[in-house]
Amino acid sequence: MPLTHTHKIIKASWFVSGFLSVFLLGSTVKAATVANWHFDSNRNHLNFSTDENVQPKVQVLTNPSRLVIDLPGVNLGYPQASRRVGFVIKEVGIRQFNADTTRIQITLAPGYSFDPAQVKLQKDSSNRWSVQLPKPLQVSPTRPMRAFQPNISPGSDRNLFAGVVPLHSPMKALEPQIKALMSRYSFLQTGMFFLDLDNGDYLDIGGDRVFPAASTIKLPILLAFFQSLDEGKVSLDKQLTMRRDLVASGSGVMQYERVGKKYTALETITKMSVISDNTATNMIIDYLGGPARLNQRFRSWGLKDTVIRRLLGDFRGTNTTSPQDLARALALLVNDKLVSSQSKEQALDILRQTKTRTLLPAGLGKGAVIAHKTGDIGFLIGNAGFITMPNGKHYLAAIFVKRPYKDVRGREFIRQVSQLVYNYLNQPIPVASADSPNT
């Protein structure tokens, strides 16, 4: 929900341990007695200030599982504010609990809780308080083994994309604009596939062309991880060891850490996607059984061109995929055919955090949200994602461009294509008049 003029977001950051993805929130209010409160996700630490005579009360509640800090005698003075923040911690917010109590609430995902004995409330000064939170505990299994069975069509029906999305008609009014743009960038080799999930209209220009996958290969790897999680074969809390043979140069920060360092699987897949860490990717490939097993899984989804031939970084482009393959994987994901609803939401949440925003996201309108993965090996760039528009429309996008090495015009081409498609889909739907023969 939008914040009012009486308070504001102070800053946002991501929790690098992999458990939390939390906004640091704050408020500055003249009339209220709560000011400058924020959650430090790096330390699991909440700070807030009140009037000098306020005595906070902290408790852990259930159904849903949440930590609440009640501030008796405090009148908030503005509407409640909350933000959905991640997978384990679902939401952080503040509201007027009753006539004379303001409540700060940290809501956890089902199956998680805090140990009340480990929650530490401390008075830092006469009007400043801090709450040190422990690591959330998984108190009950949230994914029973074999609870979700993938339901993937072999794709024999040509009127269904990925066996789940009814294809309607090509975006013929858009094609001339795209092809004119391609003519201006004739030195680029490209392939693209866009699909309106609401009406089945599509744009397919070389969508079946096979390209080096670069880091877009991490998208199907991410989905394979969550499918294995639903099957009970892997765990989010599993400690993965960074072996020397898995350390990779190129993108990411894990390559600079000491060999033998341990990361949770959740932290590893988050780094693999959000900052495109190559070392993290190799650790996940290893955890999932290696390239051959992953390739077999990709084939079971109907991905014809997606193949891992070597570990990352794959700077020569031996790993391959196609725009249609990546769009197919996303179509299966968002239509609940690949993983459970819980895993789908967590996978999309990670993909929304992708740091690189210079390709498809650069062409989207204000308020659009994209869950996506990029790839860049100098002579090739690519991007695939699931876009939600402010008007509620959803569509899939996948595009690859071969270019002169690191030529920024390749990036500009993708931005312009993304903008053309977005503007086309953002047009108002014409309504026929009552006496129209098409009514």
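One can find the structure itself at the top, above this paragraph.
The structure reproduced in this document is the subject of the present report. Predicted model only: the values in this text are computed from it and were never measured.

## Thoughts on the overall build of the chain
Then, in step 1: Within the chain, the secondary structure is distributed over eight helices and 24 strands.
Then, in step 2: Long-range contacts, defined as pairs at least 24 residues apart, comprise 62% of the intrachain contacts of the chain with a sequence gap of at least 6.
Then, in step 3: When the accessible surface of the chain is summed, it comes to about 19,600 Å², and 50% of that surface belongs to carbon and sulfur atoms.

## Concerning the packing of helix α2 (residues 218-230) against helix α5 (residues 291-300)
Then, in step 1: Contact pair α2 / α5: the axes reach a minimum separation of 11 Å and the direction vectors enclose 90 degrees. In terms of orientation, α2 lies roughly perpendicular with respect to α5. Of the residues in α5, those in contact with Pro220, Ile221, Ala224, Gln227 and Ser228 of α2 are Leu294, Arg297 and Phe298.
Then, in step 2: In terms of residue class, the contact of α2 with α5 is built from five nonpolar, two polar and one charged.

## What about the pairing of strand β8 (residues 89-98)?
Then, in step 1: Sheet analysis places β8 next to strand β9 (residues 101-108), joined by eight bridges and oriented antiparallel. Bridge assignment links asparagine 98 to a residue of β9, and that residue is threonine 101.
Then, in step 2: Counting the residues in the hairpin turn of β8 and β9 gives two residues.

## Points about the environment of lysine 172
Then, in step 1: Residue placement: lysine 172 occurs in the loop between β15 (165-166) and α1 (175-184).
Then, in step 2: By relative accessible area, which is 58% here, lysine 172 ends up exposed.
Then, in step 3: Separated by 30 residues in the primary sequence, lysine 172 and tyrosine 202 have C-alpha atoms spaced 9.0 Å apart.

## Here we look at the nonpolar core
Then, in step 1: One finds Phe48, Ile221, Phe225 and Phe226 to be the most contacted residues of the largest nonpolar core, which totals 88 residues.
Then, in step 2: Residues Ile178, Met192, Leu359 and Ile370 belong to the second largest nonpolar core, which totals 28 residues.

## Side note on the packing of aromatic side chains
Then, in step 1: On inspection of all chains with the given rule, the structure shows seven aromatic pairs.
Then, in step 2: Judged by centre distance (5.5 Å) and plane angle (90 degrees), the rings of phenylalanine 225 and phenylalanine 226 are edge-to-face. Each member of the pair, phenylalanine 225 together with phenylalanine 226, is buried.
Then, in step 3: Through a chain of ring-to-ring contacts, three or more aromatic side chains come together here, namely Tyr185, Phe187 and Phe413.

Definitions and limits used
Residues numbered from 1 in each chain as written. Predicted model: local features only at pLDDT ≥ 70, side-chain atom pairs only at ≥ 80, totals over all residues. Heavy atoms only, no water. Helix = DSSP H or I, 4+ residues; strand = E, 2+ residues; numbered from the N terminus. Contact = heavy atoms within 4.5 Å. Areas by Shrake-Rupley, 256 points an atom, 1.4 Å probe, with all protein chains shown as cover. Axes fitted to C-alpha atoms, helices over the stretch in contact; angles between N-to-C directions. Parallel < 35°, antiparallel > 145°, perpendicular 65-115°, else oblique. Nonpolar A, V, L, I, M, F, W, Y, C, P; charged D, E, K, R; others polar. Pairing = 2+ DSSP bridges. Buried < 20%, exposed > 50% of the residue type's maximum accessible area, 1.4 Å probe, protein only. Core = buried A, V, L, I, M, F, W, Y, C linked by side-chain atoms within 4.5 Å. Phe/Tyr/Trp six-rings, centres within 6.5 Å; stacked < 30°, edge-to-face > 60°.

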